[in-house]
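# Reading the structure
So the chains spell out like this:
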Amino acid sequence: MAEVRRKSGKPLQVNPHKLSQPMGATLAFLGVDRCMPLMHGAQGCASFAKVMFTRHFCEPIALQTTAVNDVIAVLDGGDYSISESVKNIGDKVAPELIGVHTTGLTETKGDDLRGVASKIDVPLVYVNTPDFKGGLESGWTLTTQALIDQLTEPCDRIDAQKIVLVPHVSLQPIEVEKLRDFIEAFGFKVVAVPDLSSSLDNHLGEKQASLSSGGVTVDALKQLADAAFVVTVGASVKPVGATLQKKNPAIRHHHLDHVSGLQGTDALVAWLLEASGREAPPPVVERWRKRLQDAMLDSHFSIGQTRFLLVAEPDHLAAMAASLREVGGKVALAIATVDSPILGDIEADQVIVGDLEDAENISAAYDLIIGNYHTESLAHRAEKRAVMRGFPNYEEIGNALKHDVLYEGGAYFLFEIANAAERMREAQVHHEREQIKLGRAVSLSG
Amino acid sequence: MSSKPKIKDLLVESACEHNKGKKSSCNAPTPGATTGGCALDGAQIALFPFADAAHLVHGPMSCIGGAWETRLTPTSWSGRDLTQTGFATDINNNDVVFGGEKKLAAAIDHIAASYAPEAVFVYSTCVPALTGDDIDAVCKHRSEKHGIPCVPVHVPGFVGAKNLGSRIAGEAVLQHLIGTKEPEETTPFDINLIGEHNNTGELWRYRHLLEELGIRVLSTFSGDGRIAEIRTAHRAKLNVIVCAKSLVSMTRKMQEQYGIPWISCSFYGKTDTSNGILAIAEALGDADLIARARALIAREEARLDEKLIPYREIFAGKKAVLNTGGNKAWSIASALQDLGIEVVATSVRKSTEADKAKAREYLGENAILMTNPATEQAKVIDDTGAQLLLAGGRSLYTAIKKRIAFTDVNQEKKKSYGGYDGLLVLAEDLINSLQNPVFELVDRKAPWQK
């Protein structure tokens, strides 16, 4: 396994790809239907998050702020700003849920969120997400736990067909939908928590950004505890299994680190066959497995000679590395936003928690980059190519509909990466030939 | 002496028209009903265009994670473009408990060693402001150690909105940079462009015209700016504020300290660009310069008018509704009028009193000034029969529902509409919108709808 460096030795981040805990919380609340995420901090915290997600998803984003100012920062314990916000939101829209999440500012001044929430008489879930701790993944997970902890009613019955699916934060809306449909094809009913597949899936909606327009309903959240299984996908959301089991110890927890590539999807299918008692998967699943097998053979030549830099959240790194490794891709360097237990399982020459300056300093080690929008300019400077994945991607549209997982998405992913690698090599060959025409000595060693 | 600006003084700027009547603060965010960025955001917008300076945000990732490499402010600086480079101390739990000063100092050392910037702007954010990091002391010490200005910019988001942050940025530059260096030479026609950020290259649409007249841009704050130049800004003969009310405090103080008069201009559309060039020449007060400016304006307008002939035919009789903020309420309106489009309504929701008056002046008596465009604009489109909506992305659905053409005018746009030639770009984009079938098609009934 890889050499893992779990801590940056630098006093700063240069060209960071890390995102904050409150941002992860915002996104999780956007996966609840008719929710108004309310970030408890200065107005800029919410504004930065709103602008980022608006540009990434090309969709209006529902998000409000408690707009803490200098006086409130000193004098208020959160009571005034939160209750006043709830009142002002209620004057304009009627949310099914208000999702209060804190920031570094309000955590530093030590607001008592639980105390404030207990005095407010509207449906509200609160979560502590200081941005000087954790990152996007932990903010998403803490919020998912808070939703279950504070809304789900205890239950002692079990609905044998019901599965609660908890996706990690880097799964794009269409991937959550595909995953839900995939599991339902084995005869289950699936509730995804959070569920971005119907809220931020690039659909044309009418009431733009007044509230989240889609996602898991508050009623469904209340009634999660009769599920037969909770399936967590991604190491970051693994703790959510135990959170739901507290509401009903009879719920069984199945965990998958990812559902990418042949083996990742096989593991899911094997479990689904066992859990459903079926002998064989639906025909469409079998067909897609064959297509993925073919895609693997078609792409192995290109990907097998390519050295990759992966830049992403830990769970996303694990998923992409697994897909690429299955066809011989060499992951030279994987850069994570934050530390995670999964980093030790990633097959790569080097796995580090770091920034894009780290990547730039060892650019001789890799050819093709897969990462967020900021890797595009890194690719320009280092004379590489980049394929956009992860948050944020301001450069391209259609991010919510990028499908990289399961047999089907796995095939699309391999094709896209292999094609990008080929175009990169063609450009290099073209460049070398131009140099030869110009009569210059060239090194073909690459 | 602390470099922290007196917020109260900045909020009651005497050169602001609305402060002549009642003293109203520009910044009173309502909890749960606030949009827009904070002071840090405003300071970033104001200062990030200095591509030869490092911009170090002393704060957690919320303050910078999604907000670096997002500014479309190009530079001609030949070194590494530090506008597009993100620096953050990424404050963690330890820094909150034990203080972040050492980390901040080490971060500046890292930047000085690896990126050799002309200056380092250090942006203070909410958390270190609460824990009490002495950013002034760190900056002072590091300035001496590295021999480059390290400028503290005190913009924790809780002090106010973007507008205030922009003013605080102006204060920081005034206090720490302007007047710290003498220019190699001066000319009678040296000006500073204040508040011109060179968004999408707008500065480059008119700067050459000023230079043709012999007007030298001594420095800019801050589009395509250079630290070495802004340090000499105190020797300019005139400050020109470009579309930025928030920086009047800065120019007023420069007038008091250095005797530099200031004027305010816009370079959006033909009329404003001509007015702007002439206003600069007149303010510099040289009869020959004014005559040459008039000749240049006549030449440019004639050149543009000829190119606009085919467009004016297409736009004849077209009506537009404009929903955008601040000075854009009139500056874009003016550009549309240059194209022969009738602007029947504009939003004045975020405009100052002066901007509202100007919008009325430009649009005429019958035009509608919308104070709540989100709810008003659909009805306004119906009442006026407008064919075009120019607004931010949020209003797209209104255009689709009304089946009229839509153009996004907000900062996400990647093209410059400034100066004389920008008008041709705007004209092309508007034609593309008007001729695009998409706005009618997407609202088409599905086969299963009755």
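Bear in mind that the values here come from a model prediction, so they are computed numbers and not experimental data.

### Description of the sheet that holds strand 7 (residues 159-167) of chain A
All names here are of chain A.
- Strands sit in the order 8-7-9-10 across an open sheet of four strands; the sheet is parallel. In the strand order of this sheet, the two ends are held by strand 8 (189-192) and strand 10 (252-256), each with one partner. On average, each strand axis in the sheet is tilted by 25° relative to the strand beside it, whichever way the strands run.
- Looking at chain direction, strand 7 and strand 9 (residues 227-233) are connected through six bridges and run parallel. Bridge pairing in strand 9 links proline 167 to valine 233.

### Observations concerning the interface of chain A and chain B
- Contacts between chain A and chain B engage 53 residues on the former and 49 residues on the latter.
- The set of elements that each furnish at least two residues to the side of chain A that touches chain B consists of strand 2 (13-14), helix 1 (21-29), helix 2 (43-57), strand 4 (64-65), helix 3 (70-75), helix 4 (79-92), helix 5 (104-108) and helix 15 (374-382) of chain A.
- Looking at the side of chain A that touches chain B element by element, the count peaks at eight residues for helix 2 of chain A.
- Grouping the amino acids of the side of chain A that touches chain B by side-chain chemistry returns 26 nonpolar, 19 polar and eight charged.

### Overview of the domain arrangement of chain A
All names here are of chain A.
- Each assigned domain of chain A is listed here: domain 1 (21-150), domain 2 (159-282) and domain 3 (285-432).
- Taken over C-alpha atoms, the centre of domain 1 sits 24 Å from the centre of domain 2.
- On the domain 2 side, the residues contacting the 31 residues of domain 1 number 28 residues.
- The biggest single contributor to the side of domain 1 that touches domain 2 is helix 7 (residues 136-151), with ten residues.
- A per-class count over the side of domain 1 that touches domain 2 returns 19 nonpolar, six polar and six charged.

### Things to note about the sheet that holds strand 10 (residues 342-347) of chain B
All names here are of chain B.
- An order of 11-10-9-12-13 is seen for the five strands of this open sheet, with the pairing classed as parallel. Strand pairing shows two members of the sheet lacking a second neighbour, strand 11 (368-370) and strand 13 (405-408), which therefore form its edges. Across this sheet, the average inter-strand angle for adjacent strands is 20°, counted without regard to direction.
- Summarising the sheet, strand 12 (residues 388-391) and strand 13 pair through four bridges and their orientation is parallel. Residue pairing for strand 13: alanine 391 is matched across the bridge by aspartate 408.
- Where helix 13 (residues 328-338) meets the sheet, it contacts strand 9 (319-323), strand 10 and strand 12, and its direction lies at approximately 170° from that of strand 10.
- Running at roughly 175° to strand 9, helix 15 (residues 373-384) makes contact with strand 9, strand 10, strand 11 and strand 12 of the sheet.

### Section: the nonpolar core
- Among the nonpolar cores identified, the biggest contains 272 residues, and Leu310, Ala321 and Ala334 of chain A together with Leu56, Val120 and Val153 of chain B are the most heavily contacted of them.
- Looking at this core, the element that brings in the most residues is helix 16 (residues 406-437) of chain A, giving nine residues.

### Remarks on the domain arrangement of chain B
All names here are of chain B.
- When its domains are assigned, chain B resolves into domain 1 (7-176), domain 2 (190-300) and domain 3 (308-441).
- With 24 residues of domain 1 in contact, the opposing surface of domain 2 contributes 22 residues.
- Breaking the side of domain 1 that touches domain 2 down by element, the ones donating at least two residues are helix 2 (39-47) and helix 7 (162-176).
- Here the element with the most residues in the side of domain 1 that touches domain 2 is helix 7; it accounts for six residues.

### Things to note about helix 12 (residues 287-315) of chain B
Residue and element names in this part refer to chain B.
- Along helix 12, the sharpest change in direction is near 50° and occurs at isoleucine 309; proline proline 310 comes one to four residues later.
- By the burial criterion, the buried members of helix 12 are Ala293, Ile297, Glu300, Tyr311 and Phe315.
- Where the residues of helix 12 are buried, they touch helix 8 (207-212), helix 11 (269-284) and helix 17 (419-435).
- One or two steps after helix 12, the chain reaches glycine 317, where phi turns positive at roughly 80°.

How each quantity is defined
Residues numbered from 1 in each chain as written. Chains lettered and ligands numbered in written order. Predicted model: local features only at pLDDT ≥ 70, side-chain atom pairs only at ≥ 80, totals over all residues. Pairing = 2+ DSSP bridges. Helix = DSSP H or I, 4+ residues; strand = E, 2+ residues; numbered from the N terminus. Axes fitted to C-alpha atoms, helices over the stretch in contact; angles between N-to-C directions. Contact = placed C-beta atoms within 7 Å. Nonpolar A, V, L, I, M, F, W, Y, C, P; charged D, E, K, R; others polar. Domains from an automatic or database assignment. Core = buried A, V, L, I, M, F, W, Y, C linked by C-beta atoms within 7 Å. Buried ≥ 20, exposed ≤ 12 C-beta atoms within 10 Å, placed from the backbone. Bend = angle between axes of the 7 residues up to and from the residue.

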